[in-house]
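Architecture at a glance
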Amino acid sequence: MNQLPTSALLSDNMNKAREYLRRFRSQVVPHRIGGHPGLSDQTFENLDPSDNSVLCMVASGGEAEIDRAARAAEDGFRIWKDVPGDRRRALLHQIADQIEARAEEIALVESIDSGQPIRYMAKAALRGAENFRFYADKAPEVSDGKSLPTRTHLNYTLRQPIGPIGIITPWNTPFMLSTWKIAPALAAGCSIVHKPAEWSPLSAVILSEIMTEVFEKADLPPGIANLVHGFGETAGKLLTEHPSIRAIAFVGESVTGSHIMAQGAPTLKRVHFELGGKNPVIVFDDADLERARDAVLFMIYSLNGQRCTSSSRALIQRSVYDRFVSDLAARVKSIKVGQPLDPSTEIGPLIHPRHAEKVLSYAKCAAQDGAQIATGGGRALNGKGNFVEPTLFVDAQNTMRIAQEEIFGPVLTVIPFDDEADAIRIANDVKYGLAAYIWTGDVGRAHRVARDVEAGMVWVNSENVRHLPTPFGGVKASGIGRDGGDYAFDTYMEQKNIAIGLDRHRPPAIGVR
Ligand code: NAD
């Protein structure tokens, strides 16, 4: 975060993190409903992924808390939906200002809580502020509609916020991902109840403090933004079932998406899902292989491999396969696993012991199914905490579990292919369809493959570079709906048509003799 040597930066980070975490350790981490911190009868332990010690205790929401939060959100919505767009813009910018002012705190707390290396978390906190600024500037025009006149009627449309939204987020980059949902929902004029992941609840507390302060200062009901902690099967489920909640914006596993759909069915909930992926990166023999290799490494081993758009399946053309794989293996072996607050760490601990076990179990699958483990496959740093070695499975076939299932860790599966048709067939032969990456020097091929690959987003000769106005989301089991740009408003707003009869218009006569 400044120009000190690495060891000094680490100790500086640790001292600051200790200070920021003190308040979380000293009392049960509360919900925030209608602006008020509140507890529950139940609590749960939040673990430090570096050593699995108890980082803090957190209030565990149940029926009473979800109901109170949904009602507070209804009260908040009644006022917020009519706040003029330019005022909403100013308030969302104030939230962004506060995120920037507390970016160091957010980054350090998030890094400890989620195990993500500080080198990435510092940027993720600022990306959260950017999300608020981007959607702040959309607030004044978000309600604009179209006029569709006929000879007899003036039709015009209005876009209106749909009501209180349930926002349910996962544990990977939790701060950035929650702002991606919360910012457009608030810009649209909706109120929210946020249920963050139980394995990384802390940065959501800071965001809810910031929003409460901004709304209170503006004499607005702080129930515009509510926070309830708890487990998916209890707090999350109750939120999806609550009749006052009009839509669920969810980021998480595909199987959880199916549960939410079923839970929300009796109240006909609108859903927006950002789900899992098993994203192919296709490297053709005419590509710039060095750049391709760097991108493959970055897209699977950064963020601990816990990234929905990670390039977790590398499809490499057979003619360059051996060379590419041996370069890849050499680089994977030199990736640094370490403590999350160490600025030189490239991979930190995975989020939870259960998740680390799951990720490690794939080494057995790979061996049983006949793939080779080029490097990794075991625990790192002497087995304390959830540290896993960066792992490379090679000579795999797409039918293997390591090629079909989302592992969600620093694990890459490499599969050879023969030609373009073979690459597309393999790329599409999974249930997911989130992102795809294509490396080629042939522009015609780039367009052909981009069109035929089943994915919501395709990057050609690039890693995942996010441009906020563009749509973000997946097809097949990877999602429903899009984030980003104006696309996000399809979740949070309804189109209303208003038709005004003009002078010429005479209703059909009835009852006239
Ligand atoms: P998860 O589905 O286990 O949990 C996500 C959230 O859902 C948590 O807050 C959890 O408490 C809640 N939840 C669990 N069961 C629930 C239920 N029955 N009803 C309501 N809520 C419930 O996912 P995770 O393990 O936290 O996150 C990792 C997953 O998220 C991966 O599959 C990853 O690909 C996906 N993800 C997708 C995107 C995207 O944009 N497509 C982005 C990030 C993460």
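The text that follows walks through the structure, step by step, so that each part is easy to find. (Residues numbered from 1 in each chain as written. Predicted model: local features only at pLDDT ≥ 70, side-chain atom pairs only at ≥ 80, totals over all residues. Heavy atoms only, no water.)

Thoughts on the overall build of the chain
Scanning the chain from N- to C-terminus turns up 16 helices and 21 strands. Computed over C-alpha atoms, the radius of gyration of the chain comes to 24 Å, within 12% of the 24 Å expected from 2.2 N^0.38 for 513 residues, which places it in the range of a compact globule. A total of 513 residues make up the chain; the buried ones form 59% of that total. Residue pairs at least 24 apart in sequence account for 74% of intrachain contacts in the chain once pairs closer than 6 positions are excluded. (Helix = DSSP H or I, 4+ residues; strand = E, 2+ residues; numbered from the N terminus. Rg over C-alpha atoms; globule rule 2.2 N^0.38 Å. Buried < 20%, exposed > 50% of the residue type's maximum accessible area, 1.4 Å probe, protein only. Contact = heavy atoms within 4.5 Å.)

Considering the packing of aromatic side chains
Following the criterion strictly, the structure yields 10 aromatic pairs and no others. Ring plane angle 70° and centroid distance 5.2 Å describe the contact between W80 and F215, whose orientation is recorded as edge-to-face. Of this pair, W80 sits in helix α2 (residues 63-80) while F215 sits in helix α7 (residues 202-217), and the two are 135 residues apart along the sequence. Judged by its relative accessible area of 0%, W80 is buried. With centroids separated by 5.7 Å and ring planes inclined at 85°, the aromatic side chains of F250 and F273 adopt a geometry described as edge-to-face. (Phe/Tyr/Trp six-rings, centres within 6.5 Å; stacked < 30°, edge-to-face > 60°.)

Here's the deal with the packing of helix α14 (residues 420-428) against helix α15 (residues 443-452)
Two elements in contact, α14 and α15, have axes whose closest approach is 10 Å; the angle formed by their N-to-C orientations is 30°. Looking at the two axes, α14 sits roughly parallel to α15. Taken as a pair, α14 and α15 cross one another with a handedness that is right-handed. Note on element contacts: α15 touches α14 through R445, R448, V449 and D452, opposite E420, I424 and N428. Among the residues forming the contact of α14 with α15, the class breakdown is two nonpolar, one polar and four charged. (Axes fitted to C-alpha atoms, helices over the stretch in contact; angles between N-to-C directions. Parallel < 35°, antiparallel > 145°, perpendicular 65-115°, else oblique. Left-handed = near helix turned anticlockwise from the far one by under 90°. Nonpolar A, V, L, I, M, F, W, Y, C, P; charged D, E, K, R; others polar.)

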